[in-house]
Amino acid sequence: MTSEASRRSSERIYQELKQHIQSSMKPGAPLPSSRSLVEQHQASPNTIQKVVSRLMQEGLVVSRAGRGVFVAEKPQITSSTADFGWQSVLLGASPALQQDFQSLYTPAPAGVIPLGSGYLDASLQPGALLAAAMQRASRRPLIWDRISPEGLEPLRNWFAQKLGVQAQNTLITSGAQTALSTVFSVLAHSEGLPVLVESPCHLGTLAILRSCGMKPIPVPADHAGMRPDLLEQLLQSTSARILTCQPTYQNPTGLCWPEQRRKDILALCKKHGVLIVEDGATQDLGLDGPPPPNLVKMAPEQVVHVYSLTKPVAAGLRIAAIAATGPVLQRLRTALVVDDLFVTGVMQEAALELVTSAQWSRHLKTVQGTLKERRDVLVGQVQVHLPNWKIQHVPTGGFYIWVKLPEDQDDAVFARLALQHGVQVSAGHAWFPAESEGPHLRLSYAGASLEQIRQGVTTLADLGSKK
Ligand SMILES: Cc1ncc(COP(=O)(O)O)c(C=O)c1O
């Protein structure tokens, strides 16, 4: 079937199903299974998937995990007619909109190919190991008691050894996002404080800086990471003395700074008294061998490092660590207690069981091997089917490729269109701290199988060629 014929068939099925739902189905009624829709409409499973995702996006149907798809309940009238003016008065001026960040962390609807995911899919998560670790952890005596706010000592030791720092300089947090939020809330001592960031920069970090009232200042990068010449200029022309970066498999570009670049940036920061916040979230995901040493290992007194287990394990294992020194460490310790008291002991015990188990290194190898295969297929498919999309850099680790679209494309419009056709991608404009450097997409190979990657790129190519 040509892509035009396939589009027409998909549109016809969509209209028929929509009419059927609106005229003869009750809220909460189950939609026929995908298989019976395929038979009923004589269409491919892919077409049916696209139709159902479109109905989901329009709020006509909802998916319930493991149970199927159901006609959505009617929206509650009270929420649209209630008068919330008093709340608006109470809240005052609105903070910066963080919609791009919120939508980035909303999982793809069922049936949508997740080329926007920042976490491993279920096939790569160590489900059986986690279940066993949780079971053992939950049987420990006094497991539900209070524990030290800094975290479990053996787990801090494990993180310290991994990062090459002292255990007393580590603190356990629930995930890297919490860790980064706490770090910047401690550093944000005045409104509008400038912070030097990579450009493009991890969207989650930009969201935190904005919500802390800080001002991100972009430092451009070349093929080897942040540019020392431009950083030096900025250190001379601005008062910024905090810098944040992800030197190992950056999100979204996949860049990994070589050792010499790390030394150059560290030397400049030392000379100008700059504190570095190093995000090490994806450091375990080297696909072509291990990365160069972390900045924190090279200069622990200059660097606050954040390392998380969510990326090599699963989004739900919300255990991370901060490594820091001096007064910054003391303030972080206080801030974490004020915010969270401590991270639940059973989760810390389970994480410890997992990372110290005999199977841990085998798990990492499996993840690295599969991601490498997925990266190669994604890169190859884009090069073959979308020759005018430019892959900026083939990553040696992490989850993402960063693609420049032709100048006449609008990345936000394209990402919305792709979602309507059953493929989730992340539009690039939101990742720039200042003006965007043209239309980009971030494509992820973390959450999609080889088959989904092939299907997804075929759909993107169909949409790209229609432009
Ligand atoms: C670079 C980077 N830092 C931090 C985070 C937050 O990770 P966590 O799930 O551990 O909070 C993410 C997640 O997408 C990320 O990509």
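Residues numbered from 1 in each chain as written. Predicted model: local features only at pLDDT ≥ 70, side-chain atom pairs only at ≥ 80, totals over all residues. Heavy atoms only, no water.

1. Let's talk about the nonpolar core
Okay, step 1: Core analysis: the largest hydrophobic core is formed by 45 residues, its most contacted members being Phe159, Leu196, Leu231, Leu243, Leu309 and Ile319.
Okay, step 2: In terms of residue count, the dominant contributor to this core is helix 8 (residues 153–163) (5 residues).
Okay, step 3: Among all residues touching Leu231, those that are not within four sequence positions of it are Leu196, Val219, Met226, Leu243, Ile265, Leu268 and Cys269. (Core = buried A, V, L, I, M, F, W, Y, C linked by side-chain atoms within 4.5 Å. Buried < 20%, exposed > 50% of the residue type's maximum accessible area, 1.4 Å probe, protein only. Helix = DSSP H or I, 4+ residues; strand = E, 2+ residues; numbered from the N terminus. Contact = heavy atoms within 4.5 Å.)

2. Observations regarding unusual backbone geometry
Okay, step 1: Across the junction of Ser199 and Pro200, the peptide omega takes the value 0°, indicating a cis bond.
Okay, step 2: By the element assignment, Pro200 lies in the loop between strand 5 (194–199) and helix 10 (203–211).
Okay, step 3: Across the junction of Asn251 and Pro252, the peptide omega takes the value 20°, indicating a cis bond.
Okay, step 4: Its location among the elements puts Pro252 in the loop between strand 8 (242–245) and helix 12 (259–272).
Okay, step 5: A positive phi angle, close to 50°, is found at Gln42, a residue other than glycine.
Okay, step 6: Structurally, the position occupied by Gln42 is in the loop between helix 2 (34–41) and helix 3 (45–57).

3. Here we look at the domain arrangement of the protein chain
Okay, step 1: Along its sequence, the protein chain is organised into domain 1 (3–71), domain 2 (101–125 + 362–466) and domain 3 (127–355).
Okay, step 2: Here domain 1 and domain 3 have C-alpha centroids that lie 43 Å from each other. (Domains from an automatic or database assignment.)

4. Topic: the sheet that holds strand 11 (residues 320–323)
Okay, step 1: Spatial strand order, 4-11-10-9-8-5-6-7: 8 strands in an open sheet with mixed pairing. Two strands in the sheet have a free side with no partner beyond their single neighbour: strand 4 (170–173) and strand 7 (225–226).
Okay, step 2: With 2 bridges connecting them, strand 6 (residues 215–222) and strand 7 associate as antiparallel partners. Bridge pairing links Ala221 to Met226 in strand 7.
Okay, step 3: Strands in contact with helix 14 (residues 326–340) are strand 4, strand 9 (275–279), strand 10 (303–308) and strand 11; relative to strand 4, the strand with the most contacts, it is inclined by about 25°. (Pairing = 2+ DSSP bridges. Axes fitted to C-alpha atoms, helices over the stretch in contact; angles between N-to-C directions.)

5. Considering the site of the ligand
Okay, step 1: Surveying the vicinity of the ligand reveals 14 residues, the closest of which are Tyr105, Tyr119, Asp279, Lys311 and Arg318.
Okay, step 2: In isolation the ligand exposes 400 Å². Once the protein is present, 99% of that is buried. (Near = heavy atom within 4 Å. Areas by Shrake-Rupley, 256 points an atom, 1.4 Å probe, with all protein chains shown as cover.)

6. Structural notes on the pairing of strand 5
Okay, step 1: Among the 6 residues that make up strand 5, 6 are buried, leaving the element largely enclosed by the rest of the structure.
Okay, step 2: With 6 bridges connecting them, strand 5 and strand 6 associate as parallel partners. Bridge pairing links Glu198 to Val219 in strand 6.
Okay, step 3: One crossover worth recording links strand 5 to the parallel strand 6 by way of helix 10, and it is right-handed. (Right-handed = clockwise from strand over helix to strand, strands pointing away.)

7. Here's the deal with empty space enclosed by the protein
Okay, step 1: Counted according to the given criterion, the structure contains 5 cavities of 30 Å³ or more.
Okay, step 2: There is about 50 Å³ of room inside the largest cavity.
Okay, step 3: As for the largest cavity, its lining consists of Glu198, Cys201, His202, Thr205, Thr244, Cys245, Gln246 and Asp279.
Okay, step 4: Grouping the amino acids of the lining of the largest cavity by side-chain chemistry returns 2 nonpolar, 4 polar and 2 charged. (1 Å grid on protein atoms, 1.4 Å probe; cavity = no way out; pocket = protein on both sides within 12 Å on 5 of 7 lines; lining within 4 Å. Points joined across faces, edges and corners; volume = space filled by probe spheres on them. Nonpolar A, V, L, I, M, F, W, Y, C, P; charged D, E, K, R; others polar.)

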